[in-house]
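# Commentary on secondary and tertiary structure
Residues per chain are reported as follows:
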Amino acid sequence: MQVKDLTSVIEEFAPLSLQEDYDNAGLICGHPENEVSSVLLCTDVTEDVVEEAIAGNHNLVISHHPLSIKALKNLVPDNWIKRCFIKAIKNDINIYAAHTNMDAVINGVSGKMADKLELIEREILQPAGKLYTFCFYTPMEEAERVRAALLDAGAGAIGNYSHCSFNTQGSGTFLPGENTHPFCGERGELHTETEIKTEITVPEQLLSSCIRLLNEVHPYEEPVCNIIPLENQNPVTGFGIIGELEQAVNTHEFLQRVKSIFHCGIIRHSPICKPEVKRVAVCGGSGAFLSQKAMQAAADIYISGDFKYHDFFMTENRMILADIGHYESEQYTKEIFYELVTKKISKFAVQFSKINTNPINYL
Ligand SMILES: [Zn+2]
């Protein structure tokens, strides 16, 4: 088992192309072809976590937060981040992070929070990620094979349906030039070919692999492919989740439930302006940027982390804001990693870190 065999399952689920510009998700230390016999899952990589990996013979550490986001100018051991790198390199430990790409998929960080709270009827709070119509023309007898290659690679997935495409028959014309090797027709002669026009909806993150694949599998030297940007929003990528509890719950009881599920030392919340809550918005990590979206989506309560003093005024008693802590909101992301990598590697070879890496303590 190599590093890339495991990281590719994570990237199929949360493509790296979905990460924010400032982020550093992906393989941070090591080599994609290094052998892996054991995996350690964590929220943050700290020196204690690297020690834990060494002691447990884990040669791949998968973390939610990247060990470093800013570029390092040297590897002298003058801060904890560099000491982690040095220790990891000396002990052949690979370090991988799935960060804002894992925030940006419907079943990612916020989706896991929604699972824990048993929210139903879920939607993305702030959709992100463009959709395109990917359109190409294939000679009749080759059309099914070419189309299948694209659809098998994940193009044409709409909600719970996969392999969606629209196909029409028509006549294509072309005149092969001097240095061509045409699949059909003759050099220097105008040719007419019966072709199938195939239209498939493709999300932004699959676009470049679809273009590459089409060029690989298409019989023509110069396959024509039209990429048309759509105004439609991708319903499965973006930030935060809005959903509903099966039944309205007394707000105090619900907050107690949240406190226990997320093992919160404390919950900071705005005034309890609603006696009961049913519609719940969540966002893992620092979610203040989605407060307005949560209100627009008619959430009774919005649960996230890192709210500032003034954020609590902004709801004007139209919604309850609950800050459960950054670490607390993201701690279960490790379970997503577990579900993904155990598709490829034995459950016995995957462990959750036993270290609580939350740097914030409560008195
Ligand atoms: Zn975070």
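Read on for a plain summary of the structure. (Residues numbered from 1 in each chain as written. Predicted model: local features only at pLDDT ≥ 70, side-chain atom pairs only at ≥ 80, totals over all residues. Heavy atoms only, no water.)

### Points about the coordination of the zinc ion
Every protein donor of the zinc ion is accounted for by His65 (NE2), His326 (NE2), Glu330 (OE) and Glu330 (OE), and the metal-donor separations fall at 2.1 to 2.6 Å. Here the zinc ion is ringed by four donor atoms whose angles at the metal span 54 to 127°, and the overall shape comes out irregular. Read N to C, the donor residues that coordinate the zinc ion are spaced as H-x260-H-x3-E. Separated by 265 residues along the polypeptide, His65 in the loop between strand E3 (60-63) and helix H3 (80-90) and Glu330 in helix H10 (residues 326-330) bring together distant segments of the chain. (Donors = N, O, S within 2.8 Å, 3.2 Å for Na, K, Ca; no water. Tetrahedral: all angles 85-135°; square planar, octahedral: opposite > 155°, others 65-115°. Helix = DSSP H or I, 4+ residues; strand = E, 2+ residues; numbered from the N terminus.)

### A few points about the sheet that holds strand E1 (residues 26-29)
Read from one edge to the other, the open sheet built from five strands follows the order E1-E4-E3-E2-E15, with strand pairing classed as mixed. The strands lining the two open edges of the sheet, one partner per strand, are E1 and strand E15 (350-352). Going across the sheet, the axis of each strand differs from the next one's by a mean of 25°, ignoring polarity. With four bridges joining them, strand E2 (residues 39-42) and E3 adopt parallel strand pairing. Across the sheet, Leu41 pairs through a bridge with Ile62, a residue of E3. Along the sheet, helix H2 (residues 47-55) makes contact with E2, E3 and E15, crossing E2 at roughly 160°. (Pairing = 2+ DSSP bridges. Axes fitted to C-alpha atoms, helices over the stretch in contact; angles between N-to-C directions. Contact = heavy atoms within 4.5 Å.)

### Concerning helix H7 (residues 204-217)
The terminal C-alpha atoms of H7 lie 21 Å apart, and with 14 residues this matches the ideal 20 Å at 1.5 Å per residue to within 8%. In this structure, the buried residues of H7 make contact with strand E6 (130-139), helix H6 (140-152), strand E8 (191-203) and strand E9 (225-233). (Expected span 1.5 Å × (residues − 1).)

### Quick word on the nonpolar core
Among the nonpolar cores identified, the biggest contains 39 residues, and Ile10, Val39, Leu60, Ile62, Met102, Leu125 and Tyr302 are the most heavily contacted of them. Sorting the residues of this core by element identifies helix H1 (3-13), E2, E3, strand E10 (238-250), strand E12 (276-286), helix H9 (291-296) and helix H11 (333-341) as the ones contributing at least two each. Counting only domains with at least three residues in this core, you end up with domain 1 (3-101 + 332-352) and domain 2 (109-126 + 238-329). Leave out the neighbours within four places in its chain, and Leu60 touches Val3, Leu6, Val36, Ser38, Val39, Leu40, Asn94 and Tyr96. (Core = buried A, V, L, I, M, F, W, Y, C linked by side-chain atoms within 4.5 Å. Buried < 20%, exposed > 50% of the residue type's maximum accessible area, 1.4 Å probe, protein only. Domains from an automatic or database assignment.)

Functional significance is not addressed by these values, which are geometric in nature.
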